[in-house]
Amino acid sequence: MEKRPFNDASYEQYLNDRRIMGSRCKKCSALALPPRPICVSCHGSDLEWVELKGKGKLAGFTSIVVAPPAMAREGFGRNNPYVVGVVELDEGVKAVSRITGVDARNPDQIRVGMPLQADFASKGEGHARQTSLVFKP
Amino acid sequence: MARKRKLARGVAVVGGGLTKLGLFKDRNCKDFFAEAYTEMVNSVDKGIDPKDIDAVYVGNFTNDFFVKQSHWAPIIADLLGNVPKPVTRTEGACASSALAFREGVLAIASGMYDIVLVGGFEQMSKCSTEEVAEGLAMAASPYEVAAGFTFPGVFGTMATAYFAKYGATREALFNVTIKSHNNAPLNPKAQFPMTVRDFMNARIERSKKKAEPVPAWKDEKAYLADPAANPPVAWPMHLFDCCPISDGAACMLLVAEDMARNFTDVPIHVAGLGQGSGYSLHAKKDLTSYEATRAAGNAAYEMSGLTPNDIQFSEVHDCFSIAELVTMEDLGFVKPGQAHRAVADGMTRLDGPRPINTSGGLKSKGHPVGATGVAQLYEVWTQLRGQAGNRQVPNPNLRIGAAHNLGGTGGTCTFTILERR
């Protein structure tokens, strides 16, 4: 696995295997998720893969009522809002992700700071299979 | 290493033009730019011979998508009769034309040119709302889009983080919207020249006419809190937190400072020029701040030798209401966490100590994306020349104003300080 390039494609392949993989700079130990080819802390490019546990807390969120075309095709929109947010992982990096298992119709009840756990949502089959990272309480 | 950055040669604004903003399906960007350009030419007190313009920089975000036409620079050159002079298009999402302004300033400061036209334009009315949303999302980060974020959703996420950190509520957003809309009826160029109370009263009248139950809102805040009047878009962003879809164009004439008096006795000088870049949402250290704005502000303050307290009034990029609060803090107008209180206390009203968005802001003036950066600077220029009519900042010693322009979800920000000397 160490041979994979530190890029979005590798990140997505790992997600298909239900693994959350980021990059860590060997020089300054800065962690990046998704993985980066260049460390933005020290500009180094000697990197290693690191697996994240998938536990964190909600840093900010929104409940989307006016959905973009891709989400509208999945049935989301005015009568079926959905929640996305930023999750701060225990390891210190953040992820943008769908947040499931919360009430999108009552966003004033959703609390910033609530603990969340990673989950994986897959679409399609075979080579077309795409897995996204989602978080739930 | 860091060094003090300044212009090698001073630059002044000697003319400006802005179209009426709104939805104009039966016209196109050439019509808009020609309208703004004609006003600009007529605004130069001692006249400008268009043949003397050395170069043109124009900002446009994504007419490539909105009207399926790319390569706008030669279209503008052709329109104005500038062929074969150099015309360059700049793109920085909603900050596209602030970048054109900046490039124009740098081109004169370098000694390359003496007289430069800068401007911007956008036509969004030819698309459906969904198509516009899709076009705008092209300027978000790919990670945000893949996760299902929309533009309002990114700003909504910042708002929930801001609320949690500082104990603010949606009322803070209402105050921003009400304040900006109060200025709009005073701006003849505004797309929505109505206060929030005007919207509320119009809605009540409509209900009366249709013999429907007449809503009983006790004030504007009650109106904005009612989802029937102000429906959610991306919590906590509601309709009245979001700028409209707009068409329009703006332009300004820049000249070397040493020749400014040939054009006008009231040149407005470029005192500070700042631009910064920013991370997408997941990589930001702080969800309640734009690093790009901070960098742009610091650069402009350093170049001008001015501090946040010297900025007497400003145009601030309020694409979504929360952005105005965060930007006030990032630019140092107030301390982090204090913007919502400052707005509630009236600091940023037209008659307050530090007016913000005297034009009505993007929310009520309109936001033709690629035109906005120069449209904001046009407002600052107009105010500094004392020509803002009923919305003139009531300060007889108005000398220093600034404009903040934010591109995308904060990836490109500029801060430009103008000064009347």
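Quick caveat: nothing in here was measured; it's all calculated off a predicted structure. (Residues numbered from 1 in each chain as written. Chains lettered and ligands numbered in written order. Predicted model: local features only at pLDDT ≥ 70, side-chain atom pairs only at ≥ 80, totals over all residues.)

**Quick word on the overall build of chain A**
Counting its regular elements, chain A contains two helices and eight strands. When the elements of chain A are put in sequence order from the N terminus, they spell out α-β-β-β-β-α-β-β-β-β. Counting across all 137 residues of chain A, residues that qualify as buried make up 38%. Within chain A, contacts between residues at least 6 apart in sequence are counted, and of these 48% link residues at least 24 apart. (Helix = DSSP H or I, 4+ residues; strand = E, 2+ residues; numbered from the N terminus. Buried ≥ 20, exposed ≤ 12 C-beta atoms within 10 Å, placed from the backbone. Contact = placed C-beta atoms within 7 Å.)

**Digging into the pairing of strand 7 (residues 248-256) of chain B**
Residue and element names in this part refer to chain B. The buried count for strand 7 comes to eight of nine residues, which makes it a mostly enclosed element. Judged from the seven bridges that link them, strand 1 (residues 11-18) and strand 7 form a sheet pairing that is antiparallel. Bridge assignment links Gly16 to a residue of strand 7, and that residue is Met252. Bridging between strand 4 (residues 115-122) and strand 7 involves eight bridges; their strand directions are antiparallel. Paired with Gly120 across the two strands is Ala250, which belongs to strand 7. (Pairing = 2+ DSSP bridges.)

**A few points about the interface of chain A and chain B**
If you look at the interface, chain A gives 23 residues, while chain B gives 24 residues. Where the side of chain A that touches chain B is concerned, the elements lending two or more residues are strand 4 (55-64), helix 2 (69-73), strand 5 (82-89) and strand 6 (94-99) of chain A. Broken down by element, the side of chain A that touches chain B gets its largest block of residues, six residues, from strand 4 of chain A. Within the side of chain A that touches chain B, the residues separate by chemical class into 15 nonpolar, six polar and two charged. (Nonpolar A, V, L, I, M, F, W, Y, C, P; charged D, E, K, R; others polar.)

**Let's talk about helix 11 (residues 291-304) of chain B**
Residue and element names in this part refer to chain B. Between its first and last C-alpha, helix 11 extends 20 Å over 14 residues, near the 20 Å set by a 1.5 Å rise per residue. Listing the buried residues of helix 11 in full gives Ala292, Thr293, Arg294, Ala296, Gly297, Ala300, Tyr301 and Ser304. The inward-facing, buried residues of helix 11 abut strand 8 (268-277), helix 12 (321-330), strand 10 (400-407) and strand 11 (412-419). Immediately downstream of helix 11, the backbone of Gly305 shows phi near 70 degrees, a positive value. (Expected span 1.5 Å × (residues − 1).)

**Digging into the pairing of strand 5 of chain A**
Residue and element names in this part refer to chain A. Summarising burial for strand 5: seven of the eight residues are buried, a large majority. Bridge count between strand 4 and strand 5: eight bridges; the pairing is antiparallel. Bridging across to strand 5, Gly60 finds its partner in Val86. Counting the residues that bridge the hairpin from strand 5 to strand 6 gives four residues, and of these Gly92 lies at a positive phi of roughly 105 degrees.

**Section: the nonpolar core**
The biggest cluster of nonpolar side chains holds 156 residues, and the ones touching the most others in it are Val118(B), Cys251(B), Met252(B), Leu254(B), Ile322(B), Val374(B) and Leu418(B). Counting the residues that make up this core, at least three belong to each of domain 1 (1-51) and domain 2 (53-137) of chain A. Not counting chain neighbours up to four residues away, the residues in contact with Val118(B) comprise Tyr57(B), Ala100(B), Phe101(B), Gly104(B), Cys251(B), Met252(B), Leu254(B) and Val374(B). (Core = buried A, V, L, I, M, F, W, Y, C linked by C-beta atoms within 7 Å. Domains from an automatic or database assignment.)

**Quick word on the packing of helix 4 (residues 96-109) of chain B against helix 15 (residues 372-384) of chain B**
All names here are of chain B. For the pair helix 4 and helix 15, interaxial distance at closest approach is 5 Å and the crossing angle is 65 degrees. The angle between helix 4 and helix 15 places the two elements in the roughly perpendicular class. Here Ser96, Ser97, Ala98, Ala100 and Phe101 of helix 4 lie close against helix 15, whose contacting residues are Thr372, Gly373, Val374 and Leu377. Across the contact of helix 4 with helix 15, the residue classes tally to five nonpolar, four polar and no charged. (Axes fitted to C-alpha atoms, helices over the stretch in contact; angles between N-to-C directions. Parallel < 35°, antiparallel > 145°, perpendicular 65-115°, else oblique.)

**Comments concerning unusual backbone geometry**
In this model, Leu33(A) is joined to Pro34(A) through a cis peptide bond whose omega is -10 degrees. Within the secondary structure layout, Pro34(A) lies in the loop between strand 2 (31-32) and strand 3 (47-51). Cis geometry is found at the peptide bond from Val83(B) to Pro84(B), where omega equals 10 degrees.

**Examining the domain arrangement of chain A**
Residues and elements named next belong to chain A. Annotation of chain A at the domain level lists domain 1 (1-51) and domain 2 (53-137). If you average the C-alpha positions of domain 1 and of domain 2, the two centres end up 22 Å apart. Counting residues at the interface gives eight residues for domain 1 and eleven residues for domain 2. Counting residues per element, the ones that place at least two in the side of domain 1 that touches domain 2 are helix 1 (8-16) and strand 2. Partitioned by chemical class, the residues of the side of domain 1 that touches domain 2 number five nonpolar, two polar and one charged.

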